[in-house]
Amino acid sequence: MMAVSDTGTGMDAETLSHIFEPFFTTKPPGEGTGLGLSTVYGIVRQSGGSISVYSEPGSGTSFKVYLPVAQARPAAVPATVPRPVTPAGGKETIVVVEDEAALRSLVSRVLEDLGYTVRTYPDADRALAALEDDEAPVHLALTDVVLPGQLQGNQFAERMRTLRPGVPVLFMSGYTRNAIVHAGRLDEGIEYLEKPFTPGALAYRIRELLDRPGE
């Protein structure tokens, strides 16, 4: 058992009854996603464990995570390290929508080094406004699932496709695909890249989508 406790404001019974629900949050709009505890709950349950919470207003909160004991170490398997291969680049134009400035800058630099033209935006509203004002071709969109403002990644993708029909979309998020799909933010079968990702992984997924027939 692992226990984590704090001396914060605590929670009442009504709040406690919802804390593991995807996208439930007590923070103001744009300041919380409500996926943190949902993800923790999913990981613990998938590992064969359970989690309990005790909290009272004004008295802090205590989480207790129970996990099964490992009976034996698995046999060591020699690791096979593949030779690094430089991903192919291209000359296409890619729209990147990501609110975290550092990641947005990194993604832009990686893709520009591969020869792509990159247009970056911190939220969906500004990206869509730019696409409406400029009719230049776009070949692919890379967007975070959870974005600041009223429009989230899936809503941005829907509206973008009315402006640029047929443009493929690659979604990215720090949450697992199962958590995102289960919460209704994305449908099964979408193209998804889980954070953190390497520049190579990003480059390969981008090229894979651009090279698909009909894309």
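Residues numbered from 1 in each chain as written. Predicted model: local features only at pLDDT ≥ 70, side-chain atom pairs only at ≥ 80, totals over all residues. Heavy atoms only, no water.

K.L.:
Could you clarify how one ought to interpret the overall build of the chain in this entry?
P.N.:
The secondary structure content of the chain amounts to 7 helices and 8 strands. Here the chain, with 215 residues, has 39% of them falling under the buried criterion. Taking the contacts inside the chain whose residues are at least 6 apart along the sequence as the reference set, 60% of them involve residues at least 24 apart. In the form shown here, the chain has an accessible surface area of approximately 12800 Å², with 54% of it arising from carbon and sulfur atoms. (Helix = DSSP H or I, 4+ residues; strand = E, 2+ residues; numbered from the N terminus. Buried < 20%, exposed > 50% of the residue type's maximum accessible area, 1.4 Å probe, protein only. Contact = heavy atoms within 4.5 Å. Areas by Shrake-Rupley, 256 points an atom, 1.4 Å probe, with all protein chains shown as cover.)

K.L.:
Honestly, the pairing of strand β4 (residues 93-97) in this entry has me stumped. Any pointers?
P.N.:
Consecutive side chains along a regular strand alternate between the two faces of the sheet. Taken across its 5 residues, β4 has 5 buried, putting it largely inside the fold. Burial along β4 is two-sided: the face carrying T93, V95 and V97 and the face carrying I94 and V96 are both buried. As judged from the 5 bridges shared by β4 and strand β5 (residues 117-121), these two strands associate in the parallel manner. Paired with T93 across the strands is T117, a residue of β5. Tracing the backbone out of β4, into helix α3 (residues 101-113) and back to the parallel element β5 gives a crossover that is right-handed. (Pairing = 2+ DSSP bridges. Right-handed = clockwise from strand over helix to strand, strands pointing away.)

K.L.:
How should I be thinking about the sheet that holds strand β1 (residues 2-6) in this particular structure?
P.N.:
Within a sheet, neighbouring strands are paired by backbone hydrogen bonds and run either parallel or antiparallel to one another. An order of β1-β3-β2 is seen for the 3 strands of this open sheet, with the pairing classed as antiparallel. The outermost strands of the open sheet, each flanked by one partner alone, are β1 and β2 (50-55). Adjacent strand axes in the sheet meet at a mean angle of 15°, parallel and antiparallel pairs treated alike. Summarising the sheet, β1 and strand β3 (residues 61-66) pair through 5 bridges and their orientation is antiparallel. Across the sheet, D6 pairs through a bridge with T61, a residue of β3. Sheet strands touched by helix α2 (residues 36-46): β2 and β3. Its angle to β2, the strand with the most contacts, is close to 140°. (Axes fitted to C-alpha atoms, helices over the stretch in contact; angles between N-to-C directions.)

K.L.:
What exactly am I supposed to notice about the packing of aromatic side chains here?
P.N.:
Aromatic ring pairs: the centre-centre distance and the angle between the two ring planes describe each pair. Within the structure shown, the criterion is met by 1 aromatic pair. Here F20 and Y41 contribute two aromatic rings whose centre-to-centre distance is 5.1 Å and whose plane-to-plane angle is 35°, an arrangement assigned as tilted. With F20 in the loop between α1 (13-16) and α2 and Y41 in helix α2, this residue pair connects regions lying 21 residues apart in the sequence. (Phe/Tyr/Trp six-rings, centres within 6.5 Å; stacked < 30°, edge-to-face > 60°.)

K.L.:
Help me out: how do you make sense of helix α7 (residues 199-210) in this one?
P.N.:
In an α-helix there are 3.6 residues to a turn, and that puts residues three or four apart on one side. Helix length check: α7 (12 residues) gives 17 Å between terminal C-alpha atoms against 16 Å at 1.5 Å per residue, within 8%. Residues L202, A203, R205, I206, R207, L209 and L210 constitute the buried set of α7. If you follow the buried residues of α7, they end up packed against β4, α3, β6 (140-144), β7 (169-173) and β8 (192-194). (Expected span 1.5 Å × (residues − 1).)

K.L.:
Is there a simple way to think about the pattern of salt bridges in this case?
P.N.:
Close approach of charged atoms allows side chains of opposite charge to pair. One pass over the structure, following the stated rule, counts 10 salt bridges. Among the ionic pairs, K195 bridges to E98, the shortest N-O distance being 2.9 Å. Taken as a pair, K195 in the loop between β8 and α7 and E98 in the loop between β4 and α3 lie far apart in primary sequence, 97 residues in all. Considered together, K195 and E98 belong to a single accessibility category, that of buried residues. One salt bridge connects D123 with R126, and the closest N-O pair in it is separated by 2.8 Å. Each of E191, R205, E208 and R212 takes part in a single network of salt bridges with overlapping partners. (Salt bridge = Lys/Arg side-chain N within 4 Å of Asp/Glu carboxyl O.)

K.L.:
Quick question: what am I supposed to make of the nonpolar core here?
P.N.:
Nonpolar side chains tend toward joint burial in soluble globular proteins. The biggest cluster of nonpolar side chains holds 24 residues, and the ones touching the most others in it are V95, V97, F156, M160, V169 and F171. Breaking this core down by element, the ones donating at least two residues are β4, α4 (124-133), α5 (153-163) and β7. Per-element tally for this core: the top contributor is α4, with 5 residues. Residues I94, L103, L111 and Y116 belong to the second largest nonpolar core, which totals 18 residues. (Core = buried A, V, L, I, M, F, W, Y, C linked by side-chain atoms within 4.5 Å.)

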